[in-house]
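Geometric and topological summary
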Amino acid sequence: MESSEDKQSSITNEFNNFTDALHKFRTLVETTTIQKKEERLGLYVKNEDTIDYEKFYESVLELFGPEIKSQDVKSFYRKLSNNPDAPVDWCEIFGYFLSEEDALASQLDEENLIFLVSRKQRVGLAGGRKRDVVKCLVKIPQLDFLIIATQKGSITVFNSQMRVQANINVTDTSWITGCDFLPQLKRVVAVTERTIIIWDYKAQGNSQDNCFVIKPMDHCLLCVCVVPMTDQLCRDDILMGDDGGFVNRFTLNSDDFGLKQSKNKKKMQSQILDSKNFKTVKRKLHNDWVMRIKYIQPLNCFGSCSLDSIHSFVLESLKRLEDNMPVREFSMPRGANTFVYCVKANAIVTGGDDKILRLWHPNISTKPVGKLVGHMFSITELVTNEKDQHVISLSSAKVAWWTDLESGRTGFKSCLRHLLTIWVFRVWDIQTLSLLQVFHDSQGGPGDMQIYAMIFDYNHGMLVTGSSVIDMYPLTRMIQDTKQIPHSHDRDINVMVYNRTFHQLLTICSESVIKVWELETGHQIYQIFDPHGSSIEVTAAAVDKSGFVLATGAYNGTLKLWDFGSGQEMKVLVEGKDWKEDDRCLHQLTFLTTSEKNHFLILALEYNGRIKLVQGKEDDPLLAVIWELPEVMPTFIRGEKVISLTVSCKPRTLSIPIPEVELVPNEDEPVVLNINPGISMEVTCFDVLIMEGYNLIATATVNGIIILWNFVLCTVTELHRPEDALVLDPDLNPERLKINAMLFLFRNSDCKRKMSEESVISSAHSDSTRGGLHSNKGSKSSIHEAETKGQSTGQHSGGRKGETIAGQKNDTDILPSVFLNELSPPILVTAHEDGHLRLWSMEGKLLKDMLPFTKHSAISLTTLYTDVCARLLLAGNMEGHVILWNIGSFLDPPYDEKKFKQLIAWRGHALKIVGVIYVEDKQVVLTASVDGSVRVWHARNGHYCGYFGQRRTFELNQVTDFILPCDVSEYPVEVKEESKYTEKKQKYEYPLIFDREKWRKMSSFSLLFRRPTPKPFDVNQEFKFFKALSSPRIRRNVLESTVTGNREAGVIFGSLSIYRVPSPTSLRFLPLIGADAQKESSENFQGKKKGGRVQHSQSRRRSLRKSLAPGVNLTSAFFPVIQK
């Protein structure tokens, strides 16, 4: 009794404590709501009682304990901050946000369904026979066509567009019960009640002449399947089940069908074959009809099911058909109508008249491992979707539908004349054994109008059923990805930033809405409306290295720092009184790494071209501008290439990585500018490199000038200036020289170490697998495969001449000395308005100038991105194309241009791309465009994965079907690398030319001159002319190239090289062509007769003069002149 009383008192105390905690929590929420409302109105003054997120989180932990999840508290606090007037409930702090109405709406949402029934497609049967139904469906994935056999003898082959490719109407009195495809014989096999039909669907002529009939059979054949025989050529084995419970194995050879026809006999008689002449094996395995038979290749077994309650399902190897050994038998009440095998789950699913789906392990026949209950009628068909691990089951029943004319009510009855066939489909998850979707379809008419066959088409992602018509139910994700317009924001996207720490993506649109997305699923985590105030557009953003702090810049020049996890505002740079919005608009933000905790430094670029450093201290809620980069363009225009800098002597309480600098004044030469004021020289982009002893800032201007700030040497260098940068031409676009983006490409010691370890592992793995084929398709490092192989087989980057690692015991011992001692200098890459991508050294040397290949003319590049170790380079352009390069081996001197390889290019959007991001661990590319969508692509092949904001969860780790968004119609363009041995292979067949040397050897001048004139329509049977034809001699030495091309001539003609062919030193030994050669031959012949040398020299001079004449007939070089 005491224990029960103590227990009751403890429960009462816990209840009272929880009630008190809820009361305090409501008070905390009310206080926080009032505070947030006052903050929105600008009436709240911060003090010691201010409730921020950290204080709110600590208070919640004190009330409810450590079981509260931080993510739920963040979501609750974010809801209060974004909308203080929204209704809240205490259960939301525990993560229960979904109400009953939301759950019901989610279930009824069409986008969450597996199959989209509303998009069903229907195709009629070929052949035109009345009241005919589909009896069998067979999909051939390798050939991508569908075979359909109807009950009354029509066999049709449909191509991938569901168009009839071949059709035959079998003239047999029996009905067709099944069909399949013979992969070795390349023919279609079908079974009727008493015969086997072999049809050559590719043969020309009358279809009846291409059909063989094998009969008679002992029993009525009910089903058929093919046994794959990869080791046997020109032979196929088929398995058949009949009404006697027998399983028959029938062997078909190509000789049985190719040598049976005779010209003396009639064709119809020659195409009827005797079944006794074929090799056949059968065994009785069931006591009732064999309903289904299939060969399961992963198990090397066949399976057959029957309506027999004892021998319901048999799973055995083919050897058991030849003996009387016991077989594996699975028993179930009322037998099994159908079965299917799931490869990934290694489970067999059976269904029958007892309306229960049973899951069996192939080696356990005593008891099923699971059951799926829910069908109201007999289960007739089962198929699987291996990719999504789904099982689709079908049950059908004939019911009566009645209507009361007086009341208008409708309903079902079981005993009326007019029947309605109801087809009920259920989609199950084979891993969780849960029901995912239920949908039904109805077909009114006679009682035999039901579904007899069902398959799942993996190539096109749809469920195909056969009745009196062919119905196709597509997967919802296929319709979503191809028909729906990707939509992530309601307005143009301005900024896209990736948080590597939390694997989250942040996007900002022109309506000033910040959205944070989860990369794994594509679902939205939270959003912030008007972060800088009402009607103030956010134009720039950046995330610090830790991933906890977010910086945003607005059109009016204000800058704010936010807690990335909770979305809480931390610090702000207020707007100045004398600021102009057009000039102070922030265009780019970058965090600088600092050693002090809670000390933030942001480098900001304004629209007017000024770059300023903004500082945020731990105890100061306001941000402050501590210095700006000085103006150097007037000095460069004056003619100087390098400008010296001096470090300011202002005292700093906190150390900063970039010191405040000033220009060294030059009193002797005052700055006098004679430049047209209409020329724009504002800075458009910049990049920072602070690591491994480098302290650099690179900037680019509207007129294409590149400037490098070196704070280690205290110098500013003009790396590049276009020739017409300071020329104002009203006929030309003033932004034709503009640089839209720039990046430093540099590998630090950590990246070098990582790449060297990968190279050693790759070389060791290639040695272990030498002599065999090895494929790492789908692996995370497959996109760097070419680079890794190149480093493992050749000289290591950064190594000295003559050094080798051969004969050393441990490869890891040499990594610091070879790879880490000498780091390659950084390279600057720029994306230009003219569509060119240019790479520069730190001395201003142009290393490479290229135009990306996208099947279009030059398109302006808008954005650039590279991974951490600078092995890949991505670019986006004005028309929505994404270009991917492999630059892993190019960054090591001497910068071989052939190692800068474009891998692939695809069109991701119909409009301008504002940002591209490569996620290395997932090997996906993220793109954002002004069309308001953020899309995900596989980096290896450019396949579309989806967009942020869709209902369906991403499948980033799986190879998706090749689909395109509705606004994109271009396929990806892969640039394949040429083989190293292409010189030995002749890719082109050159036209034959007349070889005069062969002609002279074969021709007899005496016979040539005595030959009579050929008559009309006479044919020369000697074919001497054709024997004298030969392939042209290919020039082995490379021509000297003097000019690489003319860029002003366009894309095609501008890329053609101009060669200089060395001219002959003397015209004496030029070959004679045409009639001159024939004349010389005849003169030589006559001259020899006369025995004089004078005639020979004179004829030689005359032939030379004629050969140098301007009007030489070149056709005579190919068609010899025969003298009369």
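These numbers come from a predicted model, not from an experiment. (Residues numbered from 1 in each chain as written. Predicted model: local features only at pLDDT ≥ 70, side-chain atom pairs only at ≥ 80, totals over all residues. Heavy atoms only, no water.)

Attention now moves to the overall build of the protein. When you go through the protein residue by residue, the secondary structure sums to 18 helices and 65 strands. Looking at the protein as a whole, 46% of its 1124 residues qualify as buried. For the protein, the exposed area adds up to about 60,500 Å²; of that, 52% sits on carbon and sulfur atoms. (Helix = DSSP H or I, 4+ residues; strand = E, 2+ residues; numbered from the N terminus. Buried < 20%, exposed > 50% of the residue type's maximum accessible area, 1.4 Å probe, protein only. Areas by Shrake-Rupley, 256 points an atom, 1.4 Å probe, with all protein chains shown as cover.)

Here we take up the pairing of strand β4 (residues 154-158). Where burial is concerned, most of β4 is hidden: five out of the five residues are buried. Along β4, one buried face is formed by S154, T156 and F158 and the opposite face, lined by I155 and V157, is buried too. Relative to β4, strand β3 (residues 145-150) runs antiparallel, the two sharing four bridges. Among the inter-strand pairings, L146 is bridged to a residue of β4, identified as F158. Between the antiparallel neighbours β3 and β4 lie three residues, among them G153 with a positive phi of about 105°. Across five bridges, the pairing between β4 and strand β5 (residues 164-169) is antiparallel. Across the sheet, T156 pairs through a bridge with N167, a residue of β5. Where β4 hands over to β5, the hairpin turn is made up of five residues, of which M162 adopts a positive phi near 60°. (Pairing = 2+ DSSP bridges.)

Moving on to the pairing of strand β30 (residues 470-474). Of all five residues making up β30, five are buried, and the element is well covered by its neighbours. Direction of pairing for strand β1 (residues 121-123) relative to β30: antiparallel, over a ladder of three bridges. Each bridged residue has a counterpart across the sheet, and for R122 the counterpart in β30 is D471. Note: strand β29 (residues 462-466) against β30, five bridges, orientation antiparallel. Within the sheet, the bridge partner assigned to V464 lies in β30 and is M472. Hairpin connection between β29 and β30: a loop of three residues separates the two successive antiparallel strands.

Core analysis: the largest hydrophobic core is formed by 49 residues, its most contacted members being F115, F425, L463, L505, L926 and F948. For this core, the element with the most residues is strand β57 (residues 913-919), which contributes five residues. What F425 contacts, discounting residues up to four positions off in sequence, is I392, S393, L394, Q437, V438, F439, I451, M454, L463, T465 and Y473. If you look at the next biggest cluster of nonpolar residues, it comprises 28 residues, including I637, F686, I707 and A725. (Core = buried A, V, L, I, M, F, W, Y, C linked by side-chain atoms within 4.5 Å. Contact = heavy atoms within 4.5 Å.)

Let's shift gears to the sheet that holds strand β18 (residues 328-330). Spatially, four strands are ordered β15-β16-β17-β18 in an open sheet, and the strand pairing comes out antiparallel. Looking at which strands have only one partner, the edges of the open sheet turn out to be β15 (290-296) and β18. If you compare each strand with its neighbour and ignore which way they point, the axes differ by 15° on average. Pairing of strand β16 (residues 301-306) with strand β17 (residues 313-316) involves four bridges; the strand directions are antiparallel. The residue of β17 that forms the bridge with F302 is E316. (Axes fitted to C-alpha atoms, helices over the stretch in contact; angles between N-to-C directions.)

Per the stated rule, a full pass over the model turns up 24 aromatic pairs. Plain terms: the ring middles of F25 and F64 are 5.6 Å apart, the flat faces sit at 70° to each other, and that makes the pair edge-to-face. Here the residue F25 occupies a position in helix α1 (residues 2-41), and F64 occupies one in helix α2 (residues 53-64), the gap between them amounting to 39 residues. Across this residue pair, the class does not change: F25 and F64 are buried. Of the aromatic side chains, those joined through ring pairs into one cluster are F115, F425, F439, F456, Y458 and Y473. (Phe/Tyr/Trp six-rings, centres within 6.5 Å; stacked < 30°, edge-to-face > 60°.)

In this section: the sheet that holds strand β52 (residues 846-850). Taken in spatial order, the four strands of this open sheet run β49-β50-β51-β52, and their pairing is antiparallel. Looking at which strands have only one partner, the edges of the open sheet turn out to be β49 (739-745) and β52. Pairwise comparison of adjacent strand axes, ignoring direction, gives a mean angle of 15° for this sheet. Sheet topology note: the β49/strand β50 (residues 827-832) ladder contains six bridges and is antiparallel. Residue pairing for β50: I739 is matched across the bridge by H832.

What follows covers unusual backbone geometry. P216 follows K215 through a cis peptide bond whose omega is 0°. Counting through the fold element by element, P216 comes out in the loop between β9 (211-215) and β10 (221-227). Looking along the chain, the bond that leaves P893 and enters P894 is cis, with omega of 15°. Its place among the elements puts P894 in the loop between β55 (881-886) and β56 (901-907). The phi angle at S512 is positive, at roughly 60°, despite the residue not being glycine. Relative to the elements of secondary structure, S512 occurs in the loop between β32 (504-509) and β33 (513-518).

So, on to the pattern of salt bridges. Going through the model one piece at a time under the given rule, you end up with 28 salt bridges. The partner of D144 in a salt bridge is K139, and the shortest N-O contact between them spans 2.9 Å. Overall, D144 belongs to the partly exposed group, its relative accessible area being 21%. What makes K139 buried here is its relative accessible area of 18%. Look at the salt bridges and you will find they share partners, linking K139, D144 and D457 into a network. (Salt bridge = Lys/Arg side-chain N within 4 Å of Asp/Glu carboxyl O.)

For the rest of this paragraph, the subject is the environment of L143. Along the chain, L143 falls in the loop between β2 (134-140) and β3. Spatially, the C-alpha atom of L143 lies 8.6 Å from that of N159, the residues being 16 residues apart in sequence. Not counting residues within four places of it along the chain, the set of residues in contact with L143 comprises F181 and Y201.

Averaged over every residue, the pLDDT of the protein is 77; the share at 70 or more is 73%. Segment residues 786-820: pLDDT under 50, and 43 contacts once partners within four positions in sequence are set aside and those in other chains are kept. Counting contacts from residues 979-988, a segment whose pLDDT is below 50, to residues more than four positions away or on other chains yields one contact. (pLDDT = per-residue confidence, 0-100.)

Another aspect to go through is the side chain of S488. By the secondary structure assignment, S488 is in the loop between α7 (476-483) and β31 (493-499). The exposure class assigned to S488 is buried, which follows from its relative accessible area of 3%. Side-chain polar atoms of S488 contact the backbone oxygen of F948, separated by 2.5 Å. Contact partners of S488, with chain neighbours within four places excluded, come to K515, W517, G932, S933, V934, Y947 and F948. (Polar contact = N/O pair within 3.5 Å; in protein donor to acceptor, adjacent residues only side chain to side chain.)

A few words on the side chain of Q568. Position of Q568 relative to the elements: it lies in the loop between β37 (559-563) and β38 (569-573). A relative accessible area of 17% places Q568 in the buried class. Sequence-distant contacts of Q568, that is, excluding residues within four places in its chain, are made with D52, Y53, Y77, L561, W562 and D563.

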